[in-house]
Amino acid sequence: MSYDAIVIGAGFSGLYMLHRLREAGFTARVYEAGDGVGGVWYWNRYPGARCDSESIYYNYTFSAELLQEWTWSSRYPEQPEILRYLNFVADKFDLRRDIQFETRVTAAHYQEATRKWLITLDDGTQVSATYFISGVGCLSAANLPPFKGLEQFGGEWYHTGQWPRNEKVDFKGKRVGVIGNGSSGVQSIPVIAQEAEHLTVFQRTPQYTIPARNHPYSDEFIRQTKESYPEIIPQMRESWGGFPIAPSVRSALEDPQDVRQQVYEEAWAKGGFFLSYAYHDLTMNEAANETAAEFIRSKIRETVHNPEVAEKLLPSYYFGTKRPILDTHYYETYNRENVTLVDVKKAPIVEITPKGLRTADAEYELDILVFATGYDGMTGPLLKIDIRGKDGWTLKEKWSEGSNVQTYLGLANAGFPNFFMITGPESPSVLANMPLAIEQHVDWIGDCLTYMRQNGLETIEATPEAEAAWSRHCKEVADATLYPKADSWYTGANIAGKPRSFLIYLGGFGSYRQICSDIAAKGYEGFTLAPSPKIVS
Ligand code: NA7
């Protein structure tokens with residue numbers, strides 16, 4: 001079989017890409033590993049999993065009708081509701097007929113003779129396409145650290161990002177261990193603690209988390225929001241992060257201590273990401289950062305009754321330089337009698353035993369072990385697939401060369417014609433409102449393919465020079481901030497042996513959008529576009 005385009009993944013990216021391709025008259029096929037749509041929202045079914053972008057902004061915006069038809073229940077809905085939304089979208093736009101479920105793409109090789117991509121599926125079938133588009137997401141390659149002895153564990157174990165689909169994990173009466181306290185750990189720990197007989201949290205690095213202050217939306221609020229979308233959406237598109245929130249223009253160091261305290265108290269009371277937006281220089285200036293960091297530490301000391309436990313929970317990295325976390329009663333959970341916090345930086349995990357887990361100084365008996373250990377972010381999902389461009393060059397080889405991963409705009413790669421990445425490395429992706437970032441890439445790709453068809457062009461490929469310049473720009477922007485100093489999945493530092501490079505464009509979503517539009521308007525500057533030989537001859 002041959003298609004105009006093959007897309008991997010039926011999450012937010014793949015669903016809209018399919019719709020956009022079909023609307024433009026291209027033939028397209030989506031391959032999806034799961035047995036349903038949803039992507040990250042299909043796989044992340046762990047207890048407490050919820051969105052931490054405010055739901056009224058966590059939408060596709062391409063269809064005014066869809067915006068009016070769908071109604072979110074609360075500020076931060078749980079995973080099942082977001083999955084229902086994506087199923088609603090798939091039904092509304094009749095997307096399923098072009099999606100092949102329970103199918104993984106194992107390889108994608110560019111054939112220079114035919115200028116087609118040859119795609120291999122996990123059942124051995126091969127299909128081809130002119131365009132190969134990745135919608136694999138940024139956080140779909142689960143990181144299961146290679147702890148010694150996992151195979152001998154006598155209990156049940158789960159990774160938060162590969163949670164069982166058809167059975168409820170029953171924590172009642174069980175001794176549960178959770179390794180990891182990023183967003184997934186922080187969301188699941190309070191929920192598991194309520195059910196388990198005992199919960200032991202194995203924490204390596206304390207994190208800053210801010211109350212989500214989730215609440216149901218009133219009918220009136222929903223009515224007003226739906227009415228205001230025509231004004232809100234342009235603001236979102238032009239903003240730094242894809243939300244209609246104007247960042248502060250003030251430095252944290254401009255305000256006297258009492259005023260700053262008030263600003264932080266108000267942001268804390270609102271919950272969500274307001275604290276990150278409280279001053280413009282929190283992720284730029286160490287002293288400014290410390291004011292916010294110390295404010296959160298004071299909240300931890302206030303909330304957690306046992307001072308020794310509170311002390312273990314105090315973070316020391318620069319606030320905001322790892323993905324900010326929102327919680328519902330996270331710190332309060334450590335006041336429960338049935339919860340123990342173990343510092344595995346001080347006494348590292350040595351092995352998983354048949355009965356539980358052994359650290360350097362103690363042994364813990366466990367019935368269930370939950371790995372909230374995160375992901376090989378940004379590049380991991382793509383590198384799980386054997387992707388080869390011109391001359392058989394693999395993406396893995398390409399991204400191992402030089403001092404950092406190189407892409408053009410996070411959308412394309414020199415050496416890999418007609419291959420597009422939706423929210424690839426070096427795009428704003430996860431530091432923007434994801435559905436919006438995805439839509440922008442999908443629209444850009446859709447427009448590009450239409451332009452190529454209209455102009456009799458067959459291949460598009462980033463030039464090495466444009467790519468090197470973009471990567472340099474990404475690095476310069478990141479290096480002017482505190483972000484690269486943190487050991488996070490943004491830098492690849494969370495995966496042993498992964499080359500360290502800042503994998504996200506920090507110049508802001510609105511400016512990035514403008515850059516991409518300008519490049520398209522200049523006839524795809526920085527790309528080489530070639531006509532189809534049959535048109536030339
Ligand atoms: P994260 O944020 O990467 O968190 C992973 C957690 O697992 C973090 O606390 C890690 O500690 C911990 N971890 C990882 N490996 C180990 C080992 N070997 N030993 C002990 N602890 C370990 O992943 P999440 O799934 O929570 O969130 C991912 C994104 O999803 C999030 O950023 C949002 O964008 C949504 P560390 O901090 O590395 O010391």
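Going by the structure above, here's the rest.
Because the structure is predicted, anything quoted here is derived from the model rather than measured.

Undergrad: Explain the site of the ligand to me, and be specific about the residues and the numbers.
TA: Not every one of the 22 residues close to the ligand is listed here, only the nearest: Gly180, Gly182, Arg204, Arg323 and Gly374. Considering every element that reaches the shell around the ligand, the biggest residue donor is helix 5 (residues 183-195), with three residues. By residue class, the composition of the shell around the ligand is nine nonpolar, 11 polar and two charged.

Undergrad: How would you sum up the environment of Gly180? Please name residues and give values.
TA: Residue position: Gly180 is located in the loop between strand 8 (175-179) and helix 5. Looking at Gly180, the number of C-beta atoms within 10 Å reads 26, which means it is buried. C-alpha of Gly180 to C-alpha of Tyr334: the two residues are 154 residues apart in sequence and 15 Å apart in space.

Undergrad: Would you mind going over the sheet that holds strand 13 (residues 349-352) in detail, with residue names and values included?
TA: Read from one edge of the open sheet, three strands run 13-14-15, paired in antiparallel fashion. Taken across any chain shown, the strands that pair with only one partner, and hence form the sheet edges, are strand 13 and strand 15 (363-365). This sheet shows a mean twist of 20° between the axes of neighbouring strands, independent of strand direction. Looking at chain direction, strand 13 and strand 14 (residues 356-359) are connected through three bridges and run antiparallel. Note on strand 14: the bridge partner recorded for Ile349 is Thr359.

Undergrad: Tell me what's going on with the sheet that holds strand 9 (residues 198-203), and back it up with residues and numbers.
TA: What the five strands build is an open sheet, ordered 7-16-8-9-12; its pairing is parallel. If you trace the sheet from one side to the other, it starts and ends with strand 7 (156-159) and strand 12 (339-343), each paired once. Each strand of the sheet is rotated relative to its neighbour by a mean of 15°, with strand direction disregarded. As defined by bridge partners, strand 8 adjoins strand 9 across five bridges and the pair is classed as parallel. Pairing of Gly177 across the sheet is with Thr200, part of strand 9. Contacts from helix 5 reach strand 8, strand 9, strand 12 and strand 16 (368-371), with the element oriented near 170° to strand 8.

Undergrad: Account for the pairing of strand 16, naming residues and giving values.
TA: Neither face of strand 16 is left uncovered, since the one carrying Ile368 and Val370 and the one carrying Leu369 and Phe371 both have all their residues buried. Examined bridge by bridge, strand 7 and strand 16 share four bridges and lie parallel to one another. Residue pairing across strands places Trp157 opposite Leu369, the latter belonging to strand 16. With four bridges joining them, strand 8 and strand 16 adopt parallel strand pairing.

Undergrad: If you had to explain the nonpolar core to someone new, which residues and values would you point to?
TA: Core analysis: the largest hydrophobic core is formed by 147 residues, its most contacted members being Leu15, Val178 and Ala292. Top element by residues in this core is helix 13 (residues 434-454). It accounts for nine residues. Sequence-distant contacts of Val178, defined by excluding residues within four places in its chain, comprise Gly185, Ser188, Ile189, Ile192, Leu199, Val201, Phe202, Val370 and Ala372.

Undergrad: Can you lay out the pairing of strand 9 for me, pointing to particular residues and giving the numbers?
TA: A large share of strand 9 lies buried, amounting to five of its six residues. In this region the chain leaves strand 8, passes through helix 5 and returns to the parallel neighbour strand 9; the handedness of that crossover is right-handed. Alignment of strand 9 against strand 12, held across five bridges, turns out to be parallel. If you follow Val201 over to strand 12, its bridge partner there is Leu341.

What counts and how
Sequence positions are assigned chain by chain, starting from 1 and proceeding in written order. Only residues with pLDDT of at least 70 are given local features in this predicted model, and only at 80 or more are side-chain atom pairs given and counted; all residues enter the totals for whole chains, interfaces and linings. Nearness between a residue and a molecule or strand is assessed with a C-beta atom placed from the backbone; a distance within 6 Å qualifies. Each helix is a run of DSSP H or I of at least 4 residues and each strand a run of E of at least 2, with the numbering of both proceeding from the N terminus. Each residue receives one of three labels: charged for Asp, Glu, Lys and Arg, nonpolar for Ala, Val, Leu, Ile, Met, Phe, Trp, Tyr, Cys and Pro, and polar for the others, Gly being one of them. For the exposure call, what matters is how many other C-beta atoms sit within 10 Å of a residue's own: 20 or more marks it buried, 12 or fewer exposed, and in between partly exposed, using C-beta atoms placed from the backbone. DSSP-based pairing: two strands are paired if at least 2 bridges between them are found. Fitted lines through C-alpha atoms serve as axes, helices being fitted only where they are in contact, and the angles separating the N-to-C directions of these axes extend from 0 to 180 degrees. Throughout, a residue-residue contact means that the two C-beta atoms, derived from backbone geometry, are no farther apart than 7 Å. Defined on buried residues, the nonpolar core groups Ala, Val, Leu, Ile, Met, Phe, Trp, Tyr and Cys residues joined through C-beta atoms within 7 Å. Crossovers are marked right-handed if the path from the first strand over the helix to the second runs clockwise, as seen with the strands pointing away from the viewer.

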